[in-house]
Amino acid sequence: MPESTDPSANPPNDDRPEPAEHPHSATLRRLEQSSGKLAANAITRMDEQLPWYRAMPPENRSWIGLVAQAGIAAFTEWFRHPETPQAISTDVFGTAPRELTRAITLRQTVEMVRTTIEVVEAAIDEVAAPGDESVLREALLVYAREIAFATAQVYAQAAEARGAWDARLESLVVNAVLSGEADEGAVSRAAALGWNAPEHVAVVLGTAPDGDSELTVEAIRRAARHAKLQVLTGVLGNRLVVVAGGSDDPLRAAKSLIGPFAPGPVVAGPVVGDLLSATRSAQAAAAGLRACAAWQDAPRPVLADDLLPERAMAGDPTARDLLVEEIYRPLEEAGSALLETLSVYLEQASSLEGAARMLFVHPNTVRYRLRRVTDVTGWSPSDVRSAFTLRIALILGRLTDFESQP
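Residues numbered from 1 in each chain as written. Predicted model: local features only at pLDDT ≥ 70, side-chain atom pairs only at ≥ 80, totals over all residues. Heavy atoms only, no water.

**What about the overall build of the protein chain?**
Then step 1. When helices and strands are tallied, the protein chain shows 18 helices and 5 strands.
Then step 2. If you take every contact in the protein chain between residues at least 6 apart in sequence, the share linking residues at least 24 apart comes to 68%.
Then step 3. In the structure as shown, the protein chain presents an accessible area of about 22200 Å², 53% of it carried by carbon and sulfur atoms. (Helix = DSSP H or I, 4+ residues; strand = E, 2+ residues; numbered from the N terminus. Contact = heavy atoms within 4.5 Å. Areas by Shrake-Rupley, 256 points an atom, 1.4 Å probe, with all protein chains shown as cover.)

In structure tokens:
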């Protein structure tokens, strides 16, 4: 007998199983139907309970509404397929622009998520089919945990991206200060990093330690917070650069920040009035760092101005000018007796009696004039280091006078 050609008589051999119905299909359908109402209730409760939400611009409130809707929709999908891994952070937070993580804080996001979860939880008895209340409540608890982790991940990624951007921005500012190219643009970038224009600014330079530069920078920031200083810092090549604000004592500031520096000299530039002027402090510190090899017993840290003789001999024109203008010229204006007495005293190996004999005066007169030298210059001829600085200033002053002669 011929085989029947009726398709109904010979159904095709299909081994594919029929899709199983969801074990809680009634609850799933009711959840799908209620998602819009739940999202609207969540937005209403936020408006009633969260003052920061009411104060936000309409655009941001709109984005938050979309996030709430996406969260409830993602929960519905997760309840449909609880065994399937869900990319919750993408499903929920991907609906809003990345800038929203800057518009609302992590604390505010947690409040937003908590409010939405509370709204859904309050509606469980209404949404769940009879007998499914505990199942839906347990599913919501698990989903709330996943949302919490997703929230932390989103903000962690945003913080890492912002941190990397801030580090690059800070490096640009520090490099501009060190290279003498600081301008209003650098000031604006510093302001974006939280620099609030302190009155006293000084630059500290030293050798950067081996290893992760980010750890070094973070160590400087911790030390600065402890010392109540503002800092802009970065590792440029093998140098660790710190622009410190908030202290009129550069040596004290350098001592409070010295921990993360590698062994070797650490030099603090002079205090200046603002970030634009910090280039002068940076250049003095850099010149001092180069000249530190000539003063092997230099303290650590050391002021750039304490290295004026070494800097002058290393060819730093600023140091030469400072020695002449701040030491030689004031002595010259104070009268020839001070210059002559200082010169003879230094030539006589710092001997009061020897200088008095050479000058045909009483030793007390020499002693008085040397005190006047200290008053005029701030450097004491009786101190070995100060005497060396005074001697270099006299030499440079005489050379300057000789070169200026016609």
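Once the structure has been displayed, the description carries forward.
**Digging into empty space enclosed by the protein**
Then step 1. Applying the stated criterion across every chain yields a total of 2 cavities of 30 Å³ or more.
Then step 2. If you add up the space inside the second largest cavity, you get close to 30 Å³.
Then step 3. Its residues assigned to classes, the lining of the second largest cavity comprises 6 nonpolar, 2 polar and 1 charged. (1 Å grid on protein atoms, 1.4 Å probe; cavity = no way out; pocket = protein on both sides within 12 Å on 5 of 7 lines; lining within 4 Å. Points joined across faces, edges and corners; volume = space filled by probe spheres on them. Nonpolar A, V, L, I, M, F, W, Y, C, P; charged D, E, K, R; others polar.)

**Notes on the side chain of Glu170**
Then step 1. Tracing the backbone shows Glu170 in helix 8 (residues 133-179).
Then step 2. A polar contact of 2.3 Å, which involves the side chain of Glu170, links it to the side chain of Arg221.
Then step 3. Ignoring any residue separated from it by four or fewer positions in sequence, one finds Glu170 in contact with Leu193, Arg221, Val231, Leu232 and Thr233. (Polar contact = N/O pair within 3.5 Å; in protein donor to acceptor, adjacent residues only side chain to side chain.)

**A word on the sheet that holds strand 3 (residues 239-245)**
Then step 1. Spatial strand order, 2-3-1-4-5: 5 strands in an open sheet with mixed pairing. In the strand order of this sheet, the two ends are held by strand 2 (230-236) and strand 5 (302-303), each with one partner.
Then step 2. Where strand 1 (residues 201-207) and strand 3 come together, 7 bridges link them in antiparallel fashion. In the sheet register, Thr207 faces strand 3, and the bridge partner there is Arg239.
Then step 3. Sheet contacts for helix 10 (residues 213-227): strand 2 and strand 3; angle to strand 2, the most-contacted strand, approximately 160°.
Then step 4. Here helix 12 (residues 278-291) sits on the sheet and contacts strand 1, strand 3 and strand 4 (267-268); the angle it forms with strand 1, its principal contact strand, is near 30°. (Pairing = 2+ DSSP bridges. Axes fitted to C-alpha atoms, helices over the stretch in contact; angles between N-to-C directions.)

**Focus on helix 9 (residues 184-192)**
Then step 1. Measuring from the side-chain oxygen of the N-cap residue of helix 9 to the backbone nitrogen of Gly185 gives 3.1 Å; that N-cap residue is Asp183.
Then step 2. Positive backbone phi, at 100°, marks Gly194, one or two positions downstream of helix 9.

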